[in-house]
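Understanding the architecture of this molecule
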Amino acid sequence: MATDFSKNAEERPEPSQAEVKGNIPSWLQGTLLRNGPGIFSVGDTSYDHWCDGMAIMHSFAFKDGEVTHRSRFLRGDTYKANMAANRIVVSEMGTMAYPDPSKNFIVKAITFLNHTVPDFTDNGASSFIKYGNDYYATSETNYIRKIDPVTLETQDKVDYMKYLPVNLASSHPHYDKEGNAYNIGTSIAEKGKTKYILFKVPAASEKDKGKNVPALKNVEVICTVPCRSLLAPSYYHSFGMTDNYFIFIEQPFKLDILKMATAYMRGVNWASCLKFCPEENTLIHLIDRKTGKEVETKYYTGAMVVYHHVNAFEDDGHVIFDVIAYNENSLYEMFYLSKLKENPGFRDESYSIPNCRRFALPVQSDKGAAVGDNLVKLKYTTASAVKEKEGKLICQAEVLCEGLELPRMNYDINGKRHRFVYANCVTESALSKQIGKFDTETKEIVHWSEDNCWPSEPVFIPRPNGESEDDGVVLTAVINSNPGQSCFILVLDGRTFKEVARAYVNTPLHKDMHGCFIPQ
């Protein structure tokens, strides 16, 4: 059974009890939030790309063995403007919005100016971020939208630009044990320079308790990294963090700023201004968290496109990090709605299967090593870092496995050496019909799938005081396209990857992007 990924969702804001089959562990108390596109057409207009759809948020509240579901649209400025006009009037990355042909010249002129120096959307349909005690729906623009994590009601609009000069920001921050958040953003041509800014949003302080002020007001810039090209910053979706270092991949997948400024006039979308340069190398930045400075050594590898970091850790003078990497940039193209309708979930000849790559970066100086020496001294990886000249290493990754995407792990050991990765399996198509648990030591993978079902990104929840890294459960929201059957939230045992329980919801679920679990 095919699934129509361009069908508009319906929200269910009132809490609804799910029908539980099996036994949900009594320790599992909290709420799983999921976020993704949900509205693809307004009036006579439609989005061109799946990622552009207006956000719908889902929550699954687990309490005493029961599950309650609700969903709401993100009612930001983009949603309100589109609904008021009964047409798409706010442009997204893959869809350029043009004024109603009946509008006068003044309206058209203002629309043109707004696109020359774009004021981006606040349609946060990618994920959720926690800053301080607050949760925000986010995409990758300078706008994030505060939400109530219980009712899913939309609250304040927050502009990063009021607190630090970033036009774009990742929707995958990292968190430390104290509750501080770390993120990265791109500052475009600010004071004549384009740079990447790594920043820290401190945990909520006592003095701000009860005040309605964004945690971003206390933001601290940790480090700025100059962009290799003034008007073509690298696109990134995530970064890595260990106890002592940040890892930022400046890949040759770039946003052409000049083309973006003229895209509206040329009748093309902003996504067409992304360019992949396979003849260029990838620069890996290793940044000391304490000093905010890059290490002296420069690390390079071949051209690749990375959206998701898995994890990073330190071992015996090395920083090791795992990423999901592609050899080219066709993934975005596969999610144009016209393409999804042509080929919903079956093997596409143009599809490039990603692989999970492990890189090892020797931190110590290479002085004394000969040109051509491999400076990686770890026995458990074939990843190499070969000295090309003083201060420059060429890195070759070890391929751990193929066909994984949307990786998650036990975040309690983020920044430490991990063994298990939970992910969507995408060997046949970018649209996943199964999820897997991958063992990075044995290289074995265990799968879960069911006919005509489409599982979301799997989220691992550790059992309190668990005995092992995989002691916990994995949650995934499953679209069920079998006739007469309901969609459900699936609970798998983190160790065996066998089903523990499922909870059927009496409403359709939708393909989403990312989510988070809020323990109670």
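For the structure itself, look to the data block above.
Quantities reported herein were computed from a predicted structural model and do not represent experimental measurements.

**Section: the sheet that holds strand β24 (residues 318-326)**
If you walk across this open sheet you meet the four strands as β23-β24-β25-β28, and the pairing is antiparallel. With partners counted over all chains shown, the strands left at the sheet margins are β23 (305-315) and β28 (398-402), one partner each. Pairs of neighbouring strands in the sheet enclose a mean axial angle of 20°, with direction left out of account. The sheet contact formed by β24 and strand β25 (residues 355-362) spans eight bridges and is antiparallel. The partner of Phe321 across the bridge, within β25, is Phe359.

**Section: the sheet that holds strand β1 (residues 16-17)**
Whenever strands of a sheet pair, they do so through backbone hydrogen bonds, lying parallel or antiparallel. Spatial ordering of the open sheet is given by β1-β7-β6-β3-β38, a layout of five strands whose pairing is antiparallel. Each end of this open sheet is capped by a strand with a single partner; those strands are β1 and β38 (514-519). As paired strands, strand β6 (residues 54-63) and strand β7 (residues 66-73) are joined by eight bridges and run antiparallel to one another. What sits directly across from Met57, in β7, is Arg72. Across the face of the sheet, helix α1 (residues 77-85) comes into contact with β3 (30-39), β6 and β7 while running at roughly 125° to β6.

**Considering the pattern of salt bridges**
Counted under the stated rule, the structure contains 25 salt bridges. Arg75 is paired through a salt bridge with Glu11; the nearest N and O atoms lie 2.7 Å apart. In this pair, Arg75 is assigned in the loop between β7 and α1 and Glu11 in the segment before β1, connecting sequence segments 64 residues apart. The salt bridge partner of Glu19 is Lys21, with a shortest N-O separation of 3.0 Å. Its relative accessible area of 43% is what places Glu19 among the partly exposed residues.

**Regarding the nonpolar core**
Of all hydrophobic cores here, the largest spans 53 residues; its most connected members are Phe60, Phe62 and Leu475. Among residues more than four places away in sequence, those in contact with Phe62 are Ile24, Leu28, Gln29, Gly30, Leu32, Val67, Leu475, Ile489, Val491, Phe517 and Gln520. Grouped together as the second largest cluster of nonpolar side chains are 27 residues, Leu286, Phe321, Ala383 and Leu393 included.

**Looking at the pairing of strand β22 (residues 298-301)**
As paired elements, strand β21 (residues 282-288) and β22 share three bridges and run antiparallel to each other. Bridging from a neighbouring strand, Thr282 pairs with Thr301 of β22. Inspection of the sheet shows β22 paired to strand β27 (residues 392-396) by three bridges, in the parallel sense. Across the sheet, Tyr300 pairs through a bridge with Ile394, a residue of β27.

**Things to note about α1**
For α1, the full list of buried residues reads Thr78, Tyr79 and Asn82. In an axial view of α1, the angular spread of the buried residues amounts to 100°, which keeps them on one side of the axis. The elements touched by buried residues of α1 are β3, β4 (41-42), β6 and β7.

**What about helix α3 (residues 257-266)?**
Helical periodicity: at 3.6 residues per turn, an α-helix aligns residues three or four positions apart in one direction. Looking at α3, one finds that the buried residues are Ile257, Met260, Ala263 and Tyr264. Take α3 and look down its axis: the buried residues cluster within an arc of 85°, on one side only. Every exposed residue of α3 that faces more than 90 degrees away from the buried side is listed here: Leu258 and Met265. A positive phi of about 75° marks Gly267, the residue just after α3.

**Comments concerning unusual backbone geometry**
For residues that are not glycine, phi is negative in most cases, and the peptide bond is trans in most cases. Residues other than glycine seldom take positive phi values, yet Asn86 does so here, at roughly 55°. Following the sequence through the fold, Asn86 ends up in the loop between α1 and α2 (105-116). Phi is positive for Asn465, which is not a glycine, with a value near 55°. One can find Asn465 in the loop between β34 (459-462) and β35 (472-480).

**Brief notes about the pairing of strand β31 (residues 434-439)**
Across the six residues that make up β31, a large majority, five, are buried. One ladder, built from six bridges, connects strand β30 (residues 420-425) with β31; its direction is antiparallel. Counted as the bridge partner of Tyr422 is Lys437 from β31. The sheet contact formed by β31 and strand β32 (residues 445-449) spans five bridges and is antiparallel. Bridge pairing in β32 places Gly436 opposite His447. Between the antiparallel neighbours β31 and β32 lie five residues, among them Lys443 with a positive phi of about 70°.

Definitions and limits used
- Residues numbered from 1 in each chain as written.
- Predicted model: local features only at pLDDT ≥ 70, side-chain atom pairs only at ≥ 80, totals over all residues.
- Heavy atoms only, no water.
- Pairing = 2+ DSSP bridges.
- Helix = DSSP H or I, 4+ residues; strand = E, 2+ residues; numbered from the N terminus.
- Axes fitted to C-alpha atoms, helices over the stretch in contact; angles between N-to-C directions.
- Contact = heavy atoms within 4.5 Å.
- Salt bridge = Lys/Arg side-chain N within 4 Å of Asp/Glu carboxyl O.
- Buried < 20%, exposed > 50% of the residue type's maximum accessible area, 1.4 Å probe, protein only.
- Core = buried A, V, L, I, M, F, W, Y, C linked by side-chain atoms within 4.5 Å.
- Arc of directions from axis to C-beta.

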